[in-house]
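Summary of structural features
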Amino acid sequence: LAKTTQPISMDSYEGQEVNITCSHNNIATNDYITWYQQFPSQGPRFIIQGYKTKVTNEVASLFIPADRKSSTLSLPRVSLSDTAVYYCLVENTGGFKTIFGAGTRLFVKA
Amino acid sequence: DTGVSQDPRHKITKRGQNVTFRCDPISEHNRLYWYRQTLGQGPEFLTYFQNEAQLEKSRLLSDRFSAERPKGSFSTLEIQRTEQGDSAMYLCASSLAREQYFGPGTRLTVT
């Protein structure tokens, strides 16, 4: 499974767009990229998943360049409640072992 | 759909005791995962079930850890002869496809 690298922490202000980039240089052809959000004392919550180009849902967008060696989670107009840890995962379609890194701690300030 | 539930939510035990945690997945989900999470770290994969079959098991899981999923429904994770290093949050997740739905976790404290 490809190792992922994310910034340890990021700060933002309410109303701003936040972009969190994840590096996964050794991503394989059968791997896809998933992002989870976790609040203190709760289990992670699925945000978005993609294989290439751009994916958008009601809470976020995921940008994946052609070489797929990185991905960027974009959170539009963050609020205080978006303060959480965000995990980037690379998962294999044929396997079931999920590897979480240390994640990115996002602090949203008023 | 009430989501993934875990019981108990908190467990304090003395070193050397055995503990068992239960996970009830979302009813139609055939995949079930166990993770362990310590403070400041991401969840660490422990094991995976598809229906009642345990298909993946991390090398992190020592012989003191065992998990079952009888009849492909709820799952139990047992830790025998607990050690202080076992203190962590134990998370369960279930899925039908790729998206995993996590429970609230069981926080274990070994004194």
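Structure report, in brief.

Describing the overall build of chain B
The number of helices and strands found in chain B is zero helices and 11 strands. Shown N-terminal to C-terminal, the secondary structure of chain B runs as helices and strands in the order β-β-β-β-β-β-β-β-β-β-β. What you see for chain B is a C-alpha radius of gyration of 13 Å, in line with the 13 Å of a compact globule of 111 residues. Referenced to the eigenvectors of the C-alpha coordinate spread, the extents of chain B come out at roughly 35 × 25 × 25 Å. A burial count over chain B gives 45% of its 111 residues as buried.

Some thoughts on the side chain of S12 of chain A
Summarising the element assignment, S12 of chain A is placed in strand β1 (residues 9-13). In contact with S12 of chain A, other than residues within four places in its own chain, are V18, V78, L106, F107, V108 and K109 of chain A.

Some points on the interface of chain B and chain A
Of the residues lining the interface, 22 residues belong to chain B; the matching set on chain A comes to 18 residues. Both faces considered, chain B and chain A share a buried interface measuring about 1,700 Å² in area, 54% of it formed by carbon and sulfur atoms. For chain B, the biggest contributors to the area lost against chain A are P43, R98 and F102 of chain B; these three give 31% of the whole. Linking chain B with chain A are six residue pairs in polar contact (both at pLDDT 80 or more), by the criterion used here. Those elements that place two or more of their residues in the side of chain B that touches chain A are β4 (31-37), β5 (44-50), β6 (53-57) and β9 (88-95) of chain B. Broken down by element, the residue count for the side of chain B that touches chain A peaks at four residues, all from β4 of chain B. Across the side of chain B that touches chain A, the residue classes tally to 10 nonpolar, seven polar and five charged.

A look at the state of the cysteines
Scanning the model with the defined rule gives two disulfides over all chains in all. With a sulfur-sulfur separation of 2.2 Å, C22 of chain A is cross-linked through a disulfide to C88 of chain A. The sign of the -80° torsion about the S-S bond sets the C22 of chain A-C88 of chain A disulfide as left-handed. One end of the pair, C22 of chain A, is in strand β2 (residues 18-23); the other, C88 of chain A, is in strand β8 (residues 84-92), with 66 residues separating them in the sequence. Assigned by exposure class, C22 of chain A and C88 of chain A land together as buried. Each sulfur of the disulfide joining C23 of chain B and C92 of chain B lies 1.8 Å from the other. Across the S-S bond linking C23 of chain B and C92 of chain B, the dihedral sits near -65°, which makes this disulfide left-handed. Here the residue C23 of chain B occupies a position in strand β3 (residues 19-24), and C92 of chain B occupies one in strand β9, the gap between them amounting to 69 residues.

Structural notes on the pattern of salt bridges
Residue and element names in this part refer to chain B. Taken as a whole and assessed by the stated rule, the structure comprises five salt bridges over all chains. Here R64 makes a salt bridge to E83, at a shortest N to O gap of 3.4 Å. Within this pair, whereas R64 is found in the loop between β6 and β7 (65-68), its partner E83 is found in the loop between β8 (75-79) and β9, the two being separated by 19 residues in sequence. The class of R64 is buried, set by a relative accessible area of 11%. Here E83 falls in the partly exposed class, since its relative accessible area comes to 40%. One salt bridge in this structure joins D86 and R64, with 2.8 Å as the shortest N-O distance. Residue D86 is found in the loop between β8 and β9, and its partner R64 is found in the loop between β6 and β7; the two are separated by 22 residues along the sequence. For the pair shown, D86 and R64 are each scored as buried. A network of salt bridges, in which partner residues are shared, links R64, E83 and D86.

Remarks on the sheet that holds strand β6 (residues 61-64) of chain A
All names here are of chain A. Here we have four strands laid out as an open sheet, ordered β2-β7-β6-β5, and antiparallel in their pairing. Each edge of the sheet is formed by a strand with only one pairing partner; in this case those strands are β2 and β5 (53-56). With direction set aside, neighbouring strand axes in the sheet form an average angle of 15°.

Things to note about the packing of aromatic side chains
Summed over all chains, the structure comprises 11 aromatic pairs over all chains. Ring centres of F21 of chain B and Y90 of chain B lie 5.4 Å apart, and the angle between their planes is 45°; on these two criteria the pair is classed as tilted. Linking F21 of chain B in strand β3 with Y90 of chain B in strand β9, this pair joins segments that are 69 residues apart in sequence. When its relative accessible area of 1% is taken as the criterion, F21 of chain B is described as buried. By the ring-pair criterion, three or more aromatic residues cluster together here, those being Y36, F46, Y87 and F100 of chain A together with Y33, Y35, F45, Y48 and F102 of chain B. The positively charged end of R68 of chain A is found above the aromatic ring belonging to Y51 of chain A, 3.9 Å away from the centroid. One Lys or Arg, R98 of chain B, reaches over the ring of Y32 of chain A and ends 4.2 Å from the middle of that ring.

Cut-offs used in this document
Residues numbered from 1 in each chain as written. Chains lettered and ligands numbered in written order. Predicted model: local features only at pLDDT ≥ 70, side-chain atom pairs only at ≥ 80, totals over all residues. Heavy atoms only, no water. Helix = DSSP H or I, 4+ residues; strand = E, 2+ residues; numbered from the N terminus. Rg over C-alpha atoms; globule rule 2.2 N^0.38 Å. Buried < 20%, exposed > 50% of the residue type's maximum accessible area, 1.4 Å probe, protein only. Contact = heavy atoms within 4.5 Å. Buried area = accessible area lost by both parts, 1.4 Å probe. Polar contact = N/O pair within 3.5 Å; in protein donor to acceptor, adjacent residues only side chain to side chain. Nonpolar A, V, L, I, M, F, W, Y, C, P; charged D, E, K, R; others polar. Disulfide = S-S within 2.5 Å. Salt bridge = Lys/Arg side-chain N within 4 Å of Asp/Glu carboxyl O. Pairing = 2+ DSSP bridges. Axes fitted to C-alpha atoms, helices over the stretch in contact; angles between N-to-C directions. Phe/Tyr/Trp six-rings, centres within 6.5 Å; stacked < 30°, edge-to-face > 60°. Lys NZ or Arg CZ within 6 Å of the ring centre and 35° of its normal.

Everything listed here is a matter of coordinates, which is why it stays silent on function.
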